Amino acid sequence: MAFLKITSPHAHGPMSTGRVMRLVIISTLPGLVALTWFFGFGTLSNILWASAGAFAFEALALKLRKRPIGFYLSDCSALVTAILLGIALPPAAPFWLLLIGIGFAILLCKHMYGGMGYNPFNPAMAAYVFLLISFPVEMTDWLAPRGAVPAADLLGPIDALLRSLGLASGGQLDGMSMATPLDVLKQNDGLMLSDLWAQTPQFGQFAGIGWEWANAGFLLGGLYLLYRRVFTWHAPVSMLLSLSLMALLFYDGGSSASGGGVLFHLFSGATMFGAFFIVTDPVTSAVSNRGRLAYGATIGVLIYVIRAWGNYPDAVAFSVLLMNFAAPFIDHYTQPRTYGHRKQKAEEKV
């Protein structure tokens, strides 16, 4: 007698965890190239220190938990956390700042909850906020971009490493610190937006010099990940649309109290980086497509609210962490309809 084996419909493909992580790493390259061209080699120095720390702390945690070190290191999840944190921090940040941050991300935000897949908060963003609150001076020391200063003042590879080690002294090695465009706009207390734009060297066409291209690079990388179906469009698109809507609604034409226009917010700070590399984290975001729409849209609103009326101009990390809290709540009310039932919850039918 032949038996018919009935199984649920499943999609099969080569998208292992390691492969997804490698695609994410590759997709950061356009943004990294832009950051390196405009701000020097400081971001690559960040990634170098963070990556070394990530592998060491990951191996330590795995050994303490008696898990196979080689197997889990090969999935590249620790490396992705290191790269994301390195990108988020100011270029050529002190090496100890990177090690403290990545240690916090790997040991406390990841393994304390059971490892990858169990962490309720995005490790890179949790580490960023921890560092921002603990070391505000180092976390706001951004280098001036190419165009605002001569190209000769940008840090080369050796210069960036020396600066991160605290061995830089004078001239090019010290670099020139400069407030970010979001900081400048936040601190403006008397100039019309057009006058502020004309008098501030780090402003470009519609956002900050360098920031425009870095955001365009991360947008390009995010579109590639969408093309490869690493994640769905719902969270990043809803975030960008809600942020754009908020900027459009509250734009007053460019007065001294202006919060900036739509393009300024889309291509400033970590907007595109957050939309495609942070908000799309499958572990800490909402699960259903409807939930991802609500999750991303609320993050976009929070980003504008914090940027315009809060104390932290970029706001991506804080917005994401706040919505990491709310993701289970969103999932509870956006559960898809159970197959074969008209109502959303099958238990409602007696």
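What counts and what doesn't
- Residues numbered from 1 in each chain as written.
- Predicted model: local features only at pLDDT ≥ 70, side-chain atom pairs only at ≥ 80, totals over all residues.
- Heavy atoms only, no water.
- Helix = DSSP H or I, 4+ residues; strand = E, 2+ residues; numbered from the N terminus.
- Rg over C-alpha atoms; globule rule 2.2 N^0.38 Å.
- Buried < 20%, exposed > 50% of the residue type's maximum accessible area, 1.4 Å probe, protein only.
- Phe/Tyr/Trp six-rings, centres within 6.5 Å; stacked < 30°, edge-to-face > 60°.
- Lys NZ or Arg CZ within 6 Å of the ring centre and 35° of its normal.
- Patch = residues over 30% accessible without salt bridge, like charges linked within 9 Å, V, L, I, M, F, W, Y side chains within 5 Å.
- Areas by Shrake-Rupley, 256 points an atom, 1.4 Å probe, with all protein chains shown as cover.
- Salt bridge = Lys/Arg side-chain N within 4 Å of Asp/Glu carboxyl O.
- Core = buried A, V, L, I, M, F, W, Y, C linked by side-chain atoms within 4.5 Å.
- pLDDT = per-residue confidence, 0-100.
- Contact = heavy atoms within 4.5 Å.
- Axes fitted to C-alpha atoms, helices over the stretch in contact; angles between N-to-C directions.
- Parallel < 35°, antiparallel > 145°, perpendicular 65-115°, else oblique.
- Left-handed = near helix turned anticlockwise from the far one by under 90°.
- Nonpolar A, V, L, I, M, F, W, Y, C, P; charged D, E, K, R; others polar.
- Expected span 1.5 Å × (residues − 1).
- Polar contact = N/O pair within 3.5 Å; in protein donor to acceptor, adjacent residues only side chain to side chain.

Draft legend 1. Representation of the overall build of the chain in the model. In terms of helices and strands, the chain carries 18 helices and zero strands. On C-alpha atoms alone, the chain measures out to a radius of gyration of 22 Å, which is about the 20 Å that the 2.2 N^0.38 rule sets for 350 residues. Reported as C-alpha extents along the three principal axes, the dimensions of the chain are approximately 85 × 50 × 35 Å. In the chain, which comprises 350 residues, the proportion classed as buried is 50%.

Draft legend 2. Expanded view of the packing of aromatic side chains. Under the defined criterion, the tally for this structure stands at 20 aromatic pairs. Here Phe71 and Tyr72 contribute two aromatic rings whose centre-to-centre distance is 5.1 Å and whose plane-to-plane angle is 90 degrees, an arrangement assigned as edge-to-face. Overall, Phe71 belongs to the exposed group, its relative accessible area being 59%. Taking 4.3 Å as the distance between ring centres and 5 degrees as the angle between the ring planes, the aromatic pair formed by Phe104 and Phe130 counts as stacked. Placement of Phe104 in helix 6 (residues 95–108) and of Phe130 in helix 7 (residues 123–134) is noted, with a sequence separation of 26 residues between them. The structure contains a cluster of three or more aromatic residues connected by ring pairs, namely Phe39, Trp142 and Trp211. Residue placement shows Arg146 over the ring face of Trp37; its charged tip is 3.7 Å from the ring centre.

Draft legend 3. Geometry of a nonpolar patch on the surface. On the surface, a cluster of nonpolar side chains totalling about 560 Å² of accessible area is made up of Leu245, Leu249, Phe250, Val301, Val305 and Trp309. If you list the elements that add at least two residues to the nonpolar patch, you get helix 14 (234–249) and helix 17 (289–309). Looking at the nonpolar patch, the element that brings in the most residues is helix 17, giving three residues. Along the chain, Val305 turns up in helix 17. A relative accessible area of 31% places Val305 in the partly exposed class.

Draft legend 4. Focus on the pattern of salt bridges. Per the counting criterion, the structure on display carries three salt bridges. Two residues, Lys110 and Glu58, come together in a salt bridge whose shortest N-O distance is 3.0 Å. Of the two residues, Lys110 sits in the loop between helix 6 and helix 7 while Glu58 sits in helix 3 (residues 42–64), which places them 52 residues apart along the sequence. Assessed through its relative accessible area of 2%, Glu58 is described here as buried.

Draft legend 5. Spotlight on unusual backbone geometry. The phi torsion at Cys76 lies on the positive side, around 65 degrees, for a residue other than glycine. As for its position among the elements, Cys76 is in the loop between helix 4 (69–73) and helix 5 (77–88). Here Cys76 falls in the buried class, since its relative accessible area comes to 15%. Residue Ala315 is not a glycine yet carries a positive backbone phi of 80 degrees. Structurally, the position occupied by Ala315 is in the loop between helix 17 and helix 18 (316–333).

Draft legend 6. Region of the structure containing the nonpolar core. Among the nonpolar cores identified, the biggest contains 85 residues, and Tyr128, Phe273 and Tyr295 are the most heavily contacted of them. Per-element accounting of this core gives the leading share, nine residues, to helix 5. Within the second largest apolar cluster, five residues are counted, among which are Ala144, Ala148, Val149 and Leu154.

Draft legend 7. Representation of the confidence of the model for the chain in the model. For the chain, per-residue confidence averages 88 on the pLDDT scale, and 90% of positions sit at 70 or higher. Per-residue pLDDT stays below 50 along residues 1–12; that stretch engages in zero contacts with residues further than four places along the chain or on separate chains.

Draft legend 8. Expanded view of the packing of helix 6 against helix 7. In the contact formed by helix 6 and helix 7, the axes pass within 8 Å of each other and the chain directions differ by 130 degrees. Classified by the angle their axes make, helix 6 and helix 7 are oblique. Judged by the twist between their axes, the crossing of helix 6 over helix 7 is right-handed. Contacts between helix 6 and helix 7 involve Leu97, Ile100, Gly101, Phe104 and Ala105 from the former and Pro123, Ala126, Ala127, Phe130 and Leu131 from the latter. A per-class count over the contact of helix 6 with helix 7 returns nine nonpolar, one polar and no charged.

Draft legend 9. Structural view of the packing of helix 14 against helix 17. As a packed pair, helix 14 and helix 17 sit with axes 7 Å apart at the nearest point and diverge in direction by 35 degrees. Handedness of the crossing formed by helix 14 with helix 17: right-handed. Contacts between helix 14 and helix 17 pair His234, Ala235, Ser238, Met239, Ser242, Leu243, Met246 and Ala247 from the former with Asn289, Arg292, Leu293, Gly296, Ala297, Ile299, Gly300, Val301, Ile303, Tyr304, Val305 and Arg307 from the latter. Class assignment for the residues of the contact of helix 14 with helix 17 results in twelve nonpolar, six polar and two charged.

Draft legend 10. Inspection of helix 6 at higher detail. An ideal rise of 1.5 Å per residue puts 20 Å on 14 residues; helix 6 measures up with 19 Å between its terminal C-alpha atoms. Within the span of helix 6, buried status applies to Leu97, Leu98, Gly101, Ile102, Gly103, Ala105 and Ile106. Looking at the buried side of helix 6, the elements it contacts are helix 3, helix 5, helix 7 and helix 8 (136–139).

Draft legend 11. Region of the structure containing the environment of Arg292. Examined against the element boundaries, Arg292 turns out to sit in helix 17. Filtering out sequence-adjacent residues up to four positions away, Arg292 remains in contact with Thr232, His234, Ala235, Ser238, Ala286 and Val287. Of the polar contacts made by the side chain of Arg292, one reaches the backbone oxygen of Val287; its length is 3.0 Å.

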